[in-house]
Amino acid sequence: MRNYTQFYIDGRWTAPITPATAEVINPATEGVSGTISLGSAADVDLAVAAARRAFTSWSQSTVAERLDLLRSIQAEYTARMQELGEAVTEEMGAPLALGTGFHVGLGAGHLQTAIEVLENFKFEERKGPTLLLKEPIGVCGLITPWNWPLNQVTVKVFPALATGCTSVLKPPQLAPYSAQILAEIMDKAGVPAGVFNMVQGQGSVIGAALSRHPDVDMISFTGSEPVGVQITKDAADTVKRVGLELGGKSAWVILDDADMAANVTAATSGMMVNAGQTCSAGSRLLVPNARMAEALAAAKAAAQAVSVGNPLGEVAMGPVVSKGQWNVVQDYIRKGLDEGADLVAGGAGRPEGLDKGWYCKPTVFRATNDMVIAREEIFGSVLVIIGYDSVDHAVAIANDSPFGLGGYVSGQDRDTAIAIARRMRTGAIWVNGGFDFHAPFGGYKRSGNGREWGEHGFAEYLEVKSIIG
């Protein structure tokens, strides 16, 4: 049983001003796994004041000093990777192999990337008669979600630190454990007092207080579109910068020259990773109508092959994060059936043999792009397959979405695949797989604004100053 009842403020573990706690539920067992404190606006005031004081000196630190600190953090992070992964599994239900593998690996990758970028980053450059300076923006409020908790925290905290900013982190209430351990890592690594602060609590309280705070210079938020809109409104009165990474309904286009069975299998099993709780997941699979029967057979077989169960075991998919999220997924499955979508695999309810825990069935529908299940982000293990008649038709379907976060193209002719990727209105597109920690990540349209990852992620935390003459 975990008991995390203190916040990390000004280099010290600090009790909340007004005591209040909440239980954290293990989604695999539905039992209580621990307790956290819920902060208030007064706790945010303390954390922001500490960050403001620390900014005076940290903003003037040298690149060498920041690199030394990041490498110290890296050593502590490496020593606790197994513990971090176990925390992710316990807090949000990721299978242990995924928690100790890709979840933790993403955090390690963002830390290494911050080091690599900082080693070569130009904070000053001359353009004719003008000296351009890139300076830290100030105190940053970082608000993160529960679905990839280490990824979303580290992709914000480390670039903020590397650019000379100070920060106040608000981790997700549903998945608070890994962030608490990360705060312990930061403390042991010797982060100067006030440079990094963490306050747990409800988004409607802590997130709102950070967004409205006059001494917070920017907000970086990852989460749902409605919350991102509210944060933007709350931040408007103090004219602070707001970076948003919101929802997605990403299209995965499989071209006619592709190995259909292999690519549909990869797309279907990939959709079920993390129980479908991935904002950039390829949740709309676009296949040629002429090969639809082949695609549906492959998708059905792949979905039925996904093992679901206790995340501490050797399974491919654990539960979704909470009862509330389980209900959302079930509602969308019912909507799909009501709309007349063809159920290919899965369906409503828990998988057979699982009567406790928030487990969903790996589900596949054949649908049209005007159906609710093809237009709204479900954030669960539900894949929608849509047919197309031509490449132009596929691009039109891919772009016919209010979102634009991720995209995928699979095909043997690389030039054709890249030409299609160029036409897709979305922020990141994977052509025949691949992965790059330095590639900018962020959305078009209602998927948000700004970019994270790599050098472009640094820009979120910098102001540009012109010294002319």
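Below is a short write-up of the structure. What you are looking at is a predicted structure, and each value in this text was computed from that prediction instead of being measured. (Residues numbered from 1 in each chain as written. Predicted model: local features only at pLDDT ≥ 70, side-chain atom pairs only at ≥ 80, totals over all residues. Heavy atoms only, no water.)

## With respect to the overall build of the chain
Thought 1: Scanning the chain from terminus to terminus reveals 15 helices and 23 strands.
Thought 2: For the chain, whose C-alpha radius of gyration is 22 Å, the value lies close to the compact-globule estimate of 23 Å for 469 residues.
Thought 3: Here the C-alpha coordinates of the chain stretch approximately 65 × 60 × 40 Å along the principal axes.
Thought 4: The buried share of the chain, taken over its 469 residues, is 57%.
Thought 5: Contacts in the chain between residues far apart in sequence, at least 24 positions, make up 74% of those at least 6 positions apart.
Thought 6: Total accessible area on the chain is roughly 18100 Å²; 52% of this is exposed by carbon and sulfur atoms. (Helix = DSSP H or I, 4+ residues; strand = E, 2+ residues; numbered from the N terminus. Rg over C-alpha atoms; globule rule 2.2 N^0.38 Å. Buried < 20%, exposed > 50% of the residue type's maximum accessible area, 1.4 Å probe, protein only. Contact = heavy atoms within 4.5 Å. Areas by Shrake-Rupley, 256 points an atom, 1.4 Å probe, with all protein chains shown as cover.)

## Description of the packing of aromatic side chains
Thought 1: Scanning the model with the defined rule gives 15 aromatic pairs in all.
Thought 2: An angle of 70° between the planes, with centres 5.7 Å apart, marks the rings of Tyr4 and Tyr177 as edge-to-face. Of the two residues, Tyr4 is situated in strand E1 (residues 2–4) and Tyr177 in helix H6 (residues 177–189); the sequence distance between them amounts to 173 residues.
Thought 3: You can call Tyr4 buried: its relative accessible area is 14%.
Thought 4: By relative accessible area, which is 0% here, Tyr177 ends up buried.
Thought 5: Against the face of Tyr177 rests Arg2, its NZ or CZ located 5.0 Å from the ring centre. (Phe/Tyr/Trp six-rings, centres within 6.5 Å; stacked < 30°, edge-to-face > 60°. Lys NZ or Arg CZ within 6 Å of the ring centre and 35° of its normal.)

## Topic: the nonpolar core
Thought 1: Core analysis: the biggest nonpolar cluster contains 67 residues, and Ile73, Phe158, Met186 and Phe196 have the highest contact counts within it.
Thought 2: Not counting the four nearest positions on each side in its chain, Phe196 is found in contact with Tyr8, Val157, Ser167, Leu169, Ala183, Met186 and Val191.
Thought 3: Ranked by size, the runner-up nonpolar core spans 57 residues in total, among them Leu296, Ala299, Ala367 and Ile397. (Core = buried A, V, L, I, M, F, W, Y, C linked by side-chain atoms within 4.5 Å.)

## Here's the deal with the pairing of strand E9 (residues 166–170)
Thought 1: In terms of burial, E9 is largely enclosed, as 5 of its 5 residues are buried.
Thought 2: Neither face of E9 is open: one carries Thr166, Val168 and Lys170, the other Ser167 and Leu169, and all of them are buried.
Thought 3: Each parallel crossover has a hand, and for strand E8 (residues 139–143) linked through helix H5 (residues 149–162) to E9 it is right-handed.
Thought 4: As judged from the 3 bridges shared by E9 and strand E10 (residues 196–198), these two strands associate in the parallel manner. If you follow Val168 over to E10, its bridge partner there is Asn197.
Thought 5: Between the parallel elements E9 and E10, the chain passes through H6 in a crossover that is right-handed. (Right-handed = clockwise from strand over helix to strand, strands pointing away. Pairing = 2+ DSSP bridges.)

## Here we look at the environment of Ser167
Thought 1: Inspection of the secondary structure puts Ser167 in strand E9.
Thought 2: Separated by 46 residues in sequence, Ser167 and Phe121 place their C-alpha atoms 21 Å apart.
Thought 3: In this structure Ser167 touches Ala51, Cys140, Leu142, Val195, Phe196 and Asn197, once residues within four positions along its chain are discounted.

## A word on H5
Thought 1: With 14 residues, H5 extends 20 Å between its outermost C-alpha atoms, agreeing within 8% with the 20 Å of an ideal straight helix rising 1.5 Å per residue.
Thought 2: Of all 14 residues that make up H5, 14 are buried, and the element is covered over most of its length.
Thought 3: Among the residues trailing H5, Gly164 stands out with phi positive, at a value near 95°. (Expected span 1.5 Å × (residues − 1).)

## Comments concerning the sheet that holds strand E6 (residues 124–127)
Thought 1: Judged by pairing direction, the sheet is antiparallel, and its 3 strands sit side by side in the order E6-E7-E23 without closing on themselves. Taken across any chain shown, the strands that pair with only one partner, and hence form the sheet edges, are E6 and strand E23 (462–468). Across the sheet, the axes of successive neighbouring strands diverge by a mean angle of 25°, strand direction being ignored.
Thought 2: Note: E6 against strand E7 (residues 130–136), 4 bridges, orientation antiparallel. Considered in E7, the bridge of Arg126 is made with Leu131. (Axes fitted to C-alpha atoms, helices over the stretch in contact; angles between N-to-C directions.)

## Observations regarding the side chain of Gln330
Thought 1: Relative to the elements of secondary structure, Gln330 occurs in helix H11 (residues 323–339).
Thought 2: A polar contact of 2.6 Å, which involves the side chain of Gln330, links it to the backbone nitrogen of Gly349.
Thought 3: Discounting chain neighbours no more than four positions away, the residues touching Gln330 are Ala348, Gly349 and Cys360. (Polar contact = N/O pair within 3.5 Å; in protein donor to acceptor, adjacent residues only side chain to side chain.)

## So, the pattern of salt bridges
Thought 1: Enumeration according to the criterion identifies 18 salt bridges in this entry.
Thought 2: As a salt-bridge pair, Glu294 and Arg291 come within 3.2 Å of each other at their nearest N and O atoms.
Thought 3: In this structure Glu294 comes out as partly exposed when scored by relative accessible area, which is 36%.
Thought 4: Since its relative accessible area comes to 18%, Arg291 is described here as buried.
Thought 5: The residue Arg375 makes a salt bridge to Asp400 at a minimum N-O spacing of 3.3 Å. Highlighted residues: Arg375 in helix H12 (residues 372–375) and Asp400 in the loop between helix H13 (391–399) and strand E18 (403–404), separated in sequence by 25 residues.
Thought 6: Judged by relative accessible area, which is 39%, Asp400 ranks as partly exposed.
Thought 7: Several salt bridges converge on common partners, so that one network encompasses Asp10, Arg12 and Arg53. (Salt bridge = Lys/Arg side-chain N within 4 Å of Asp/Glu carboxyl O.)

## Quick word on the packing of helix H2 (residues 63–79) against H5
Thought 1: Here H2 crosses H5 at 155°, and the two axes come no closer than 10 Å. Relative to H5, the element H2 is oriented roughly antiparallel. Counted together, Arg66, Leu69, Leu70, Ile73 and Tyr77 of H2 and Leu150, Phe158, Leu161 and Ala162 of H5 form the full contact between these two elements.
Thought 2: Broken down by class, the residue content of the contact of H2 with H5 amounts to 8 nonpolar, no polar and 1 charged. (Parallel < 35°, antiparallel > 145°, perpendicular 65-115°, else oblique. Nonpolar A, V, L, I, M, F, W, Y, C, P; charged D, E, K, R; others polar.)

## A closer look at unusual backbone geometry
Thought 1: Phi angles above zero are rare outside glycine, and Asp10 is one such case at about 55°.
Thought 2: Turning to its location among the elements, Asp10 is positioned in the loop between strand E2 (7–9) and strand E3 (12–14).
Thought 3: Positive phi is not limited to glycine here, since Asn432 has a value of about 55°.
Thought 4: Within the secondary structure, Asn432 sits in the loop between strand E20 (428–431) and strand E21 (444–445).
Thought 5: Residue classification places Asn432 among the partly exposed residues on the basis of a relative accessible area of 43%.

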